[in-house]
Amino acid sequence: MPAGALVALSFGLFLYQRRVSRQLAASAEALREREGALSQAQQLAHLGNWSWHRDKGALQWSDEMRRLHDVPAGQDVSRDAFLHAVHADDRHALAMRLDAALQTGQAFELEYRLVQAQGDARWVHHRAEAQGGDPTRVLGTVLDITQRKRAEALQRGQSDLLE
């Protein structure tokens, strides 16, 4: 191959690599922006999400899910950590539904109380389902419904429900 053709080919490859690198950088930036917007939206809505992958054997939580459960960023989460924050009176019902979802892919919805580290109780609405009915990947959301529960209790005059 003539030297001029080799130089032209090398320069063309260099330009192509530069263009691909810029596209990757732009895509990565767009993804970071979308992740940031999603995190902010979840925080505003008090809606966390989680996923469980049987093959990985671990739960993955969104930032808002961690805030709702008082779990610091970077700390590993497990089924036990998940259940630890649940009010003792509600823990068994959630554990049974979680186990069914993780074993059979059975979807569920449940309202229960979380007890945060400082002792405050938060009411949440939890939904979970297997992706495509396959229990190897289960996805869930947890919505903070404390304000709604307080309003309902005040309406009924039964503030003892919030304890």
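Keep in mind the model is a prediction, meaning the values are calculated, not measured.

What counts and how
Residues numbered from 1 in each chain as written. Predicted model: local features only at pLDDT ≥ 70, side-chain atom pairs only at ≥ 80, totals over all residues. Heavy atoms only, no water. Phe/Tyr/Trp six-rings, centres within 6.5 Å; stacked < 30°, edge-to-face > 60°. Helix = DSSP H or I, 4+ residues; strand = E, 2+ residues; numbered from the N terminus. Buried < 20%, exposed > 50% of the residue type's maximum accessible area, 1.4 Å probe, protein only. Polar contact = N/O pair within 3.5 Å; in protein donor to acceptor, adjacent residues only side chain to side chain. Pairing = 2+ DSSP bridges. pLDDT = per-residue confidence, 0-100. Contact = heavy atoms within 4.5 Å.

Attention now goes to the packing of aromatic side chains. Scanning the entire structure with this criterion turns up two aromatic pairs. Arranged with centres 5.6 Å apart and planes meeting at 75°, the rings of Trp50 and Phe82 form a pair that is edge-to-face. Residue Trp50 is found in strand S1 (residues 47-53), and its partner Phe82 is found in helix H3 (residues 79-84); the two are separated by 32 residues along the sequence. As far as burial versus exposure is concerned, Trp50 and Phe82 are alike and both buried. Ring geometry for Trp61 and Phe82: centres 5.4 Å apart, planes at 70°, overall edge-to-face. Separated by 21 residues along the polypeptide, Trp61 in strand S2 (residues 58-61) and Phe82 in helix H3 bring together distant segments of the chain. Aromatic ring contacts, followed pair by pair, group Trp50, Trp61 and Phe82 into a single cluster.

All right, on to unusual backbone geometry then. One non-glycine residue, Asp70, adopts positive backbone phi at about 55°. Residue position: Asp70 is located in the loop between helix H2 (63-69) and H3. Residue Asp70 is classed as partly exposed on the basis of its relative accessible area, which comes to 34%.

Position of Ser51 relative to the elements: it lies in strand S1. Judged by relative accessible area, which is 8%, Ser51 ranks as buried. Within the structure, the side chain of Ser51 is placed 3.5 Å from the side chain of His53, a separation counted as a polar contact.

On to the pairing of S2, then. Sheet faces and side chains relate simply in a regular strand, where the side chains alternate between the two faces. Side chains Leu59 and Trp61 project from S2 onto a buried face, and the interleaved Ala58 and Gln60 project onto a face without burial. With four bridges joining them, S1 and S2 adopt antiparallel strand pairing. If you follow Trp52 over to S2, its bridge partner there is Leu59. Between S1 and the antiparallel strand that follows it, S2, lie four residues; Gly57 among them carries a positive phi value of about 70°.

This part takes up the confidence of the model for the protein chain. The predicted coordinates of low-pLDDT regions are not to be read in fine detail. Taken over all residues, the pLDDT of the protein chain has a mean of 83, while the share at 70 or more is 94%. Within the protein chain, the lowest mean pLDDT, 75, falls on helix H1 (residues 3-45), and the highest, 95, falls on strand S3 (residues 108-115).

This part is about the environment of Val138. Tracing the sequence through the fold places Val138 in strand S5 (residues 134-144). Among the residues examined, Val138 registers a relative accessible area of 0% and is labelled buried. Considering only alpha carbons, one finds Val138 and Trp52, 86 residues apart in sequence, at a separation of 5.2 Å. If we skip the residues at most four places from it in the chain, Val138 touches Trp50, Ser51, Trp52, Ala101, Leu102, Ala128, Glu129 and Ala130.

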